[in-house]
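# Examining the three-dimensional arrangement
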Amino acid sequence: MASFRSSAAYRIAVTYTVICAWTILLLGAGTWFVADREIRRERDQDITAELDRIARGPGWENAKAALRQIQVERGDGRFGYALFDARGRQIGGDADLPRPRSGFESASVRDDKGSQRSMRIGTIVLADGTRLAVASDHSELEEVKKKILVPFLAAFCSLLAINVLGGLWLRSYLLNRLKPITATADAIVTGDIEWRVPVASEGDEFDAAGRAFNLMLDRIAGLMENLRQVSSDIAHDLRKPLIRLLLQTDRLGRTDGAEQRVLELGDEMLMLFTSILRIAEVEGGGLERSFELIELSALMEEVAESFAPALVDSDHAMDWIIEPDIDIVGNRELLAQLATNLLDNARIHTPAGTEILLRLESEMTTLRLSVEDNGPGVSEEERPKLLQRFYRSEASRTTPGNGLGLSLVAAVARAHGGSVSVESADPGLRIVVTLPRSGG
Amino acid sequence: MRILLAEDDDETAGHLESGLSELGHAVVRATDGEAALELGISERFDVIVLDRMMPKREGLDVLRRLRAVGVGTPILLLTAKGGIGDRVDGLDAGADDYVVKPFAFSELVARMNALIRRAPSSDTATRIEVGDIVLDLLRRTVTRASRPIALQPREFTLLEVLMRNAGKVVTRTMFLEQVWGFHFDPQTNIVESHLSRLRAKLREGFLDDPIETLRGLGYRMRSDG
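Residues numbered from 1 in each chain as written. Chains lettered and ligands numbered in written order. Predicted model: local features only at pLDDT ≥ 70, side-chain atom pairs only at ≥ 80, totals over all residues. Heavy atoms only, no water.

## A word on the domain arrangement of chain A
On domain assignment, one finds that chain A holds domain 1 (205-237) and domain 2 (288-436). One C-alpha centre belongs to domain 1 of chain A, the other to domain 2 of chain A; they are set 28 Å apart. (Domains from an automatic or database assignment.)

## Here's the deal with the pattern of salt bridges
Enumeration according to the criterion identifies 44 salt bridges over all chains in this entry. Between Arg414(A) and Glu283(A) there is a salt bridge, with the nearest N and O atoms lying 2.8 Å from each other. Of this pair, Arg414(A) sits in helix 10 (residues 405-415) while Glu283(A) sits in helix 7 (residues 258-283), placing them 131 residues apart in sequence. A salt bridge links Asp136(B) to Arg139(B); the shortest N-O distance between them is 3.3 Å. Overall, the relative accessible area of 10% leaves Asp136(B) in the buried class. Owing to a relative accessible area of 63%, Arg139(B) belongs among the exposed residues under this scheme. (Salt bridge = Lys/Arg side-chain N within 4 Å of Asp/Glu carboxyl O. Helix = DSSP H or I, 4+ residues; strand = E, 2+ residues; numbered from the N terminus. Buried < 20%, exposed > 50% of the residue type's maximum accessible area, 1.4 Å probe, protein only.)

## Comments concerning the nonpolar core
Inside soluble globular proteins, nonpolar side chains tend to come together where they are buried. Counting residues in each nonpolar core, the largest one holds 93 residues, and the members touching the most others are Leu159(B) and Phe175(B). With nine residues, helix 8 (residues 296-313) of chain A is the single largest residue contributor to this core. Excluding residues that lie within four positions of it along the chain, Leu159(B) makes contacts with Ile133(B), Leu135(B), Val142(B), Leu151(B), Leu198(B), Leu202(B) and Met221(B). Residues Ala6(B), Leu37(B), Leu39(B) and Tyr98(B) belong to the second largest nonpolar core, which totals 20 residues. (Core = buried A, V, L, I, M, F, W, Y, C linked by side-chain atoms within 4.5 Å. Contact = heavy atoms within 4.5 Å.)

## Describing the packing of helix 7 of chain A against helix 10 of chain A
Residues and elements named next belong to chain A. Close contact between helix 7 and helix 10 brings their axes to 9 Å; oriented N to C, the two are set at 20°. Compared by their axis directions, helix 7 and helix 10 come out roughly parallel. Crossing angle aside, the handedness with which helix 7 passes helix 10 is left-handed. Between helix 7 and helix 10, the residues in contact are Arg278, Ile279, Val282 and Glu283 and Ser407, Leu408, Ala411, Val412, Arg414 and Ala415, respectively. (Axes fitted to C-alpha atoms, helices over the stretch in contact; angles between N-to-C directions. Parallel < 35°, antiparallel > 145°, perpendicular 65-115°, else oblique. Left-handed = near helix turned anticlockwise from the far one by under 90°.)

## What about the domain arrangement of chain B?
Residue and element names in this part refer to chain B. In terms of domains, chain B is made up of domain 1 (2-117) and domain 2 (122-221). Each of domain 1 and domain 2 has a C-alpha centre, and the two are 28 Å apart. Facing nine residues of domain 1, the contacting portion of domain 2 comprises 13 residues. Roughly 920 Å² of surface becomes buried between domain 1 and domain 2 when both sides are summed, with 50% attributable to carbon and sulfur atoms. Put simply, domain 1 and domain 2 have one salt bridge between them. At the junction of domain 1 with domain 2, the criterion picks out four residue pairs in polar contact (both at pLDDT 80 or more). Looking at which element gives the most residues to the side of domain 1 that touches domain 2, the answer is helix 5 (residues 105-117), with seven residues. (Buried area = accessible area lost by both parts, 1.4 Å probe. Polar contact = N/O pair within 3.5 Å; in protein donor to acceptor, adjacent residues only side chain to side chain.)

Quick look at the structure:
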């Protein structure tokens, strides 16, 4: 019983059965009553017609005449007749009837062969107080009613049987369909994160649920992989500065400037941690809480103007083309950091004399923010790797940086529903951030 | 200056305590949130340095309660959480400033000094005068010895920050936060580039530079002009 209550399949089957049974019962009872009434009405009309026929005959006004009339005209044999005097004694007729009241009634009557028959009896009172009763065999009505009830009862019973079987089948079907999902969850609980729900291509509701489940698992696996990657990156990439720091510490007091260098190395490591944490925060999701409507054009103008003097100081030429009045829903600080990282990147990895161009333009459904330079550029094989965490091209081994700047750009773009692509600007490099346009 | 230092980590607290004592400040230490709340309510301090993560009572909670009972002492929040939401939480709870751990001691001192100096009247003043330099906040003009100096908007804000903190150190991160609203550190020296242009404009036609560079610490506006 407990398993019955806890099984959704059984609950569905029972609910369905009850609804069907009620429908059949209502339909059956309705038909039964309507048929009963109709047949009776028809019979009563026949009896009325017979009574009329007899009564319209000559001398209908008294019992004797009626009796004669009955004996003369036997009718077509469908009816039985009886006459009762005013005191209620049967004084004639061929049917053995109980004394009827005036009007119509149903009665059970013993026939000549001694078996019970259901009769419909119509009675009128004649002028001399005798009652004339005409009875018609009514048992066929019972037959009809039985004939009506039988299919309904059969339907009801087979419905019960079908629903019980259906409930059992539904339960096993549901169990079967849910089993892969349960099995997948169990497998993942026991540590096999690679397991996925098998999904059929035609795709019913269960397949849709399975697909959603798999997407969720993919996302979780992605995050876990991300975490694993970050941990191993940290372990690997922090060794280098740590070793340098230890070497410098060893030289403290013996070499001039070692103290300053130790502090610098410490700062560098701190910045590395800050960058890693920032990327992890952005990639962790849930940033939407901090999103607001930002005048992106004004923000980019501000970043560009702020960078211009510094870029001039490092002998770069800086220009910007910013389409006015572009708004976006996002995190102001992260978008500012995205732009500064792009500009930092362009400045650090290009020689003096390079021209850097920041451009913001809107397209149909997207925004395009790009920073390009006319520096030496990056080879085609290396370009996609630029967005990888800690990736540093051979050419940039000696420049400052930790290989995380563009990773953050990519993470911020993704957090805003956008993407980053790295292109050749012939001859330089162009990094394009595509963001969805918000609003209209 | 009397400072309440609420920090549960002994090593960090020890460093801060000895550093601040060397600078001539009186430091009272609280090792947990309950003690910090009690001391903050019962005694008067010039500034409270409050760690966010403390035993018994969380820093943010201490902060809220102190503000709720009307303690108006400037509060500097220390935190290991540098997240985007965390900073807003701290400032919403009533902190005056926010320093993310780990931090340089000089940074903390500069920010503490800036907090104490922040007299309410100077926030609403429309004119700031330091030495022979006059900054008009309404007309957005700057004069030095009555000679007008044309500044870019960001240079103007930079100068305003320096003048409000005249005689005190302003660090690079303070500039980034107050002038640009950036809570991150671009690798490109946008602060230095703007400052060098500002200084060149202020110096032009004069013999001295009213702004000093303190290596490894930050910049300072000479309060005597």
